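A closer look at the structure
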Amino acid sequence: MASSLGENLNLLSTQQQELVKMLLENGQDHLFRDWPPPGVDDDHKKAFFDQLTLLDSSYPGGLESYIKNAKRLLADSKAGNNPYDGFTPSVPTGETLTFGDENYINFEETGVHEARKAAFVLVAGGLGERLGYSGIKVALPAETTTGTCFIQHYIESILALQEGSSQGESQTQIPLVIMTSDDTHGRTLELLESNSYFGMQPTQVTLLKQEKVACLEDNDARLALEQQNKYRIQTKPHGHGDVHSLLYSSGILNVWYDAGLKWVLFFQDTNGLLFKAIPAALGVSASKQYHVNSLAVPRKAKEAIGGITRLTHSDGRSMVINVEYNQLDPLLRASGYPEGDVNCETGYSPFPGNINQLILELGPYIEELSKTGGAIQEFVNPKYKDASKTSFKSSTRLECMMQDYPKTLSPSARVGFTVMETWFAYAPVKNNAEDAAKVPKGNPYHSATSGEMAIYRANSIILKKAGVQVAEPVLQVFNGQEVEVWPRVTWKPKWGLTFSRIKSKVRGNCSISLRSTLAIKGQNIFIENLSLDGALIIDAVDEAEVNVSGSVQNNGWILETVDYKDTTEPEVLRIRGFKFNKTEQLETKYAEPGKFHLKA
């Protein structure tokens, strides 16, 4: 053993001594350089080994595997090796859906029935700092008409599916796993507990905390110590691909399988439209018997979103995988497509845009993870000081992505995709106001501004397709972003779980003016021959059936601009660039069961 450790070895357990031996054999002797003798800093040394033990136990194969993987990937990075060398891209097979047509409706109904055999996994390790929001992202309001935050919307959507899929049979509880991080775990738990889990049973929800991985200081994969503390290793997040190893090591997948579940749906923390697309996508998985189904949207060529691609190797191997946009174009050019990534006759790239929502069939998923332990193919992205690629500007680490799961699957795995129209499936909130304002014209802002407006747009378009006369939108600028402003229409997921159900609740000649706000908070609310010009909020318990008709006219809720630099306004409004001046509304509450008629 290294002399710098000297008599300090006596402080360590047998297991820790084995860990030291492994580290020394793998070129990590710098970790123990200049250690003082026993009796000096002993508590710090013990804390150092506690950290090493945690890093070792939370990575598939332990620290030894991590260091070996890092050496290989760093060597490839330095040599400039192309991970797709020898692969030829082609367009994979999948299903493209058009909202509201017969095909879509059939898939949607199939998906609702299948939901009783589904479990949901929310990847929520991130804070809202990048958005200019100091809370956790799932606590951010998806829209400010009702103030419903993302986690509430997701839980209410799952509960609506739970109820909708029972169809007279006893309700099965749909489980929800939330992957958290050191940054978000405590706050996520507090948000759930202080809101009674937004209607879910606490036993339905499992929080799995993701640990960080060790940073690397050079091409030899030497673990990086913190600059101010030689008894602590620098760590950074490993990426959302960790969700697979966490699910595997927790044992929860086998519990689900034994309970008769068949599907696992993975989704991201801030896409307020997603659950409009999930029933139909789950229906596709069930009908096509896909082991892996990636949700996708039409993608413009060269747009900064990964493309779902079939890659076939010269040795016969093939896989269907997300290829990042900056890799897809050169890959196509190198494979006999001199134009690279271009739009086809549809006006979009033939490679659909990956939106990082996956549906996996549980049985084959467990089988695969039992081989890999949930380890996902990693990558490393060091920032080199210069062209010699010998030293880094700052420490790096290995990363992995949830959507790279199919990379290890055999060619016989049924891997497909479902393309949904963007307007009702994809409006993530990830860019702050300043960054969003710099986005080139015509590209999506992916901000709190565009995310909220996308919810109103989708709901307005769906009502139009259901036969309601909805005023055409106007363009307005908030926080430097030009967005379509539609009537502010929101509803609880259990009111509008599928398009068929929405159509059944809208009757006769209904119209909604542009300056209107409509919030439907209840399951059995029927709208018939309603003319709305103003603000209408209807709140009813599930056992109350409410028929709404007549003409509602009032001063409504006025949309006012907010400057994102105006610190007198709350963060949630500043990052959107607008707020509601609630001048006047008709608000009705039905707290008792029964049949009611609201005739304005």
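The name recorded for the chain in an unreviewed UniProt entry is UTP-monosaccharide-1-phosphate uridylyltransferase, from Phaseolus coccineus. Recorded under Catalytic activity (unreviewed entry), the UniProt text for the chain is reproduced unchanged: "a monosaccharide 1-phosphate + UTP + H(+) = a UDP-monosaccharide + diphosphate".

Quick look at the state of the cysteines now. Inspection of every chain in the model, using the stated rule, returns zero disulfides. Unpaired in this structure, cysteine 400 has its nearest cysteine sulfur neighbour in cysteine 215, at a distance of 14 Å.

Turn by turn, an α-helix covers 3.6 residues, leaving residues three or four places apart pointing in a common direction. Taking 1.5 Å as the rise per residue, helix α5 (residues 150–166) with 17 residues should run 24 Å; its terminal C-alpha atoms sit 25 Å apart, in good agreement. Of all 17 residues in α5, 16 are buried, a share of seventy percent or more. Trailing α5 by a residue or two, glutamine 167 shows a phi angle of about 40 degrees, which is positive.

Summed over all chains, the structure comprises 24 salt bridges. For the salt bridge of lysine 209 with glutamate 211, the shortest nitrogen-to-oxygen distance reads 3.3 Å. The salt bridge involving glutamate 399 is made with arginine 397; its shortest N-O contact spans 3.8 Å. Counted as one network, the salt bridges with shared partners bring together Asp182, Lys209 and Glu211.

Turning next to the side chain of glutamine 403. Mapped onto the fold, glutamine 403 is located in the loop between β18 (398–400) and β19 (415–419). At 3.2 Å, the side chain of glutamine 403 forms a polar contact with the side chain of asparagine 356.

This next bit is on the packing of aromatic side chains. What the rule picks out here adds up to 28 aromatic pairs. On the basis of an interplanar angle of 85 degrees and a centroid distance of 6.1 Å, the ring pair of phenylalanine 32 and phenylalanine 48 is categorised as edge-to-face. Taken together, the residues span a long stretch of sequence, with phenylalanine 32 in the loop between α1 (14–25) and α2 (42–57) and phenylalanine 48 in helix α2 at a distance of 16 residues. In this structure, phenylalanine 32 and phenylalanine 48 share a single accessibility class: buried. Measuring from centroid to centroid gives 5.5 Å for phenylalanine 120 and phenylalanine 275, while their planes differ by 35 degrees, and the two rings are tilted. Separated by 155 residues along the polypeptide, phenylalanine 120 in strand β3 (residues 118–123) and phenylalanine 275 in helix α9 (residues 274–288) bring together distant segments of the chain. For the residue pair phenylalanine 120 and phenylalanine 275, the accessibility class agrees, reading buried in each case. The structure contains a cluster of three or more aromatic residues connected by ring pairs, namely Phe32, Trp35, Phe48, Phe49 and Tyr231. A cation over an aromatic ring shows up here: lysine 300 above the ring of tyrosine 348, its NZ or CZ 4.7 Å from the ring centre.

Before going further, it helps to spend a moment on the nonpolar core. Grouped together as the largest cluster of nonpolar side chains are 99 residues, with contacts concentrated most on Phe120, Ile151 and Leu463. At nine residues, the largest contribution of residues to this core is made by α9. For leucine 463, the residues in contact, after removing those within four places along its chain, are Val468, Val470, Val489, Trp491, Trp495, Ile502, Val506 and Ile512. Membership of the second largest hydrophobic core comes to 34 residues, among which are Val121, Leu253, Leu358 and Leu362.

Cut-off values and rules
Residues numbered from 1 in each chain as written. Predicted model: local features only at pLDDT ≥ 70, side-chain atom pairs only at ≥ 80, totals over all residues. Heavy atoms only, no water. UniProt positions renumbered as here; feature names shortened; annotations may be inferred. Disulfide = S-S within 2.5 Å. Helix = DSSP H or I, 4+ residues; strand = E, 2+ residues; numbered from the N terminus. Expected span 1.5 Å × (residues − 1). Buried < 20%, exposed > 50% of the residue type's maximum accessible area, 1.4 Å probe, protein only. Salt bridge = Lys/Arg side-chain N within 4 Å of Asp/Glu carboxyl O. Polar contact = N/O pair within 3.5 Å; in protein donor to acceptor, adjacent residues only side chain to side chain. Phe/Tyr/Trp six-rings, centres within 6.5 Å; stacked < 30°, edge-to-face > 60°. Lys NZ or Arg CZ within 6 Å of the ring centre and 35° of its normal. Core = buried A, V, L, I, M, F, W, Y, C linked by side-chain atoms within 4.5 Å. Contact = heavy atoms within 4.5 Å.

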